[in-house]
Amino acid sequence: MFDNDTINMLNEDDNSLDTYHILTKDGHYLAIPEIEVNLCDALFNQEYIIVCNIQATNPNAAVQKYKENYRNKVKKLDMEILKLQGDILELKIENKMLKENQALNDYTPSNAIKLFALFGFTDTPTAKDLKARYRRIQRIVHSDKGGDDKLSQLFNDAYKALLKS
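Just so it is clear, the model here is predicted, and its values are computed rather than measured.

(A) Local environment of a positive patch on the surface. The grouping of Lys131, Arg135, Arg139 and Lys145 at the surface amounts to a positive patch. The residue Arg139 is located in helix α5 (residues 127–141) in this model.

(B) How the structure looks around the pairing of strand β2 (residues 28–33). Summarising the sheet, strand β1 (residues 18–25) and β2 pair through six bridges and their orientation is antiparallel. When the sheet's bridge partners are listed, Ile22 is paired in β2 with Ala31. Counting the residues that bridge the hairpin from β1 to β2 gives two residues, and of these Asp26 lies at a positive phi of roughly 50 degrees.

(C) Spatial organisation of the pattern of salt bridges. Under the defined criterion, the tally for this structure stands at two salt bridges. A salt bridge links Lys83 to Asp87; the shortest N-O distance between them is 3.4 Å. One end of the pair, Lys83, and the other, Asp87, are both in helix α3 (residues 59–100), four residues apart, so they sit about a helical turn from each other. Taking the relative accessible area as the measure of exposure, Asp87 reaches 12% and is therefore buried. Among the ionic pairs, Asp87 bridges to Arg136, the shortest N-O distance being 2.2 Å. Of this pair, Asp87 sits in helix α3 while Arg136 sits in helix α5, placing them 49 residues apart in sequence. A relative accessible area of 28% places Arg136 in the partly exposed class. When salt bridges with common partners are traced through the structure, they connect Lys83, Asp87 and Arg136 into a single cluster.

(D) Here's a closer look at the packing of aromatic side chains. Taken as a whole and judged by the stated rule, the model has four aromatic pairs. Between Tyr66 and Tyr70, the aromatic rings sit 6.1 Å apart at their centres with planes inclined by 35 degrees, giving tilted as the arrangement. Residue Tyr66 and its partner Tyr70 are located together in helix α3, separated by four residues, close to a single helical turn. Given the relative accessible area of 3%, Tyr66 is considered buried. Through a chain of ring-to-ring contacts, the aromatic side chains of Tyr29, Tyr66 and Tyr70 assemble into a single cluster. Above the plane of the ring of Phe121 lies Arg133, whose end atom (NZ or CZ) is 4.3 Å from the centre.

The rules we used
Residues numbered from 1 in each chain as written. Predicted model: local features only at pLDDT ≥ 70, side-chain atom pairs only at ≥ 80, totals over all residues. Heavy atoms only, no water. Patch = residues over 30% accessible without salt bridge, like charges linked within 9 Å, V, L, I, M, F, W, Y side chains within 5 Å. Areas by Shrake-Rupley, 256 points an atom, 1.4 Å probe, with all protein chains shown as cover. Salt bridge = Lys/Arg side-chain N within 4 Å of Asp/Glu carboxyl O. Lys, Arg positive; Asp, Glu negative; His and termini not counted. Charge placed at Lys NZ, Arg CZ, Asp CG, Glu CD. Helix = DSSP H or I, 4+ residues; strand = E, 2+ residues; numbered from the N terminus. Pairing = 2+ DSSP bridges. Buried < 20%, exposed > 50% of the residue type's maximum accessible area, 1.4 Å probe, protein only. Phe/Tyr/Trp six-rings, centres within 6.5 Å; stacked < 30°, edge-to-face > 60°. Lys NZ or Arg CZ within 6 Å of the ring centre and 35° of its normal.

Set out below in structure tokens:
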């Protein structure tokens, strides 16, 4: 669940730290010293799952550090979900506005400023920024992702028109 860089956030200079395998089953956590390979194998055979290795001063501290890392990771993912939900809401509002106002049918270079605004830019973006925003929007509005075909096509047509201008 965590990469080694995340797990090894501890002081590597501290020689009192031991490495523990963190195992879990049904919401219970165990910290087994790295040297106890046979015990880990026996627990693995009892359907415990090894989730990571953590350096700590004792088994209790290892489990606590794992739980803290896990909580921090969950908080980070929750924040990312909230941000994406906000993005979806903004796109739904934009979709409603576009459905009410079909004035963007004429994709000409003089209309490019309006098209950039469609992508959320106030100034002319770089081609790289435009492409990144287009892909991000399509991941949300595309019909394969539960979005709307017409909205997806609108962004697709606008993107193509901006590339030509």
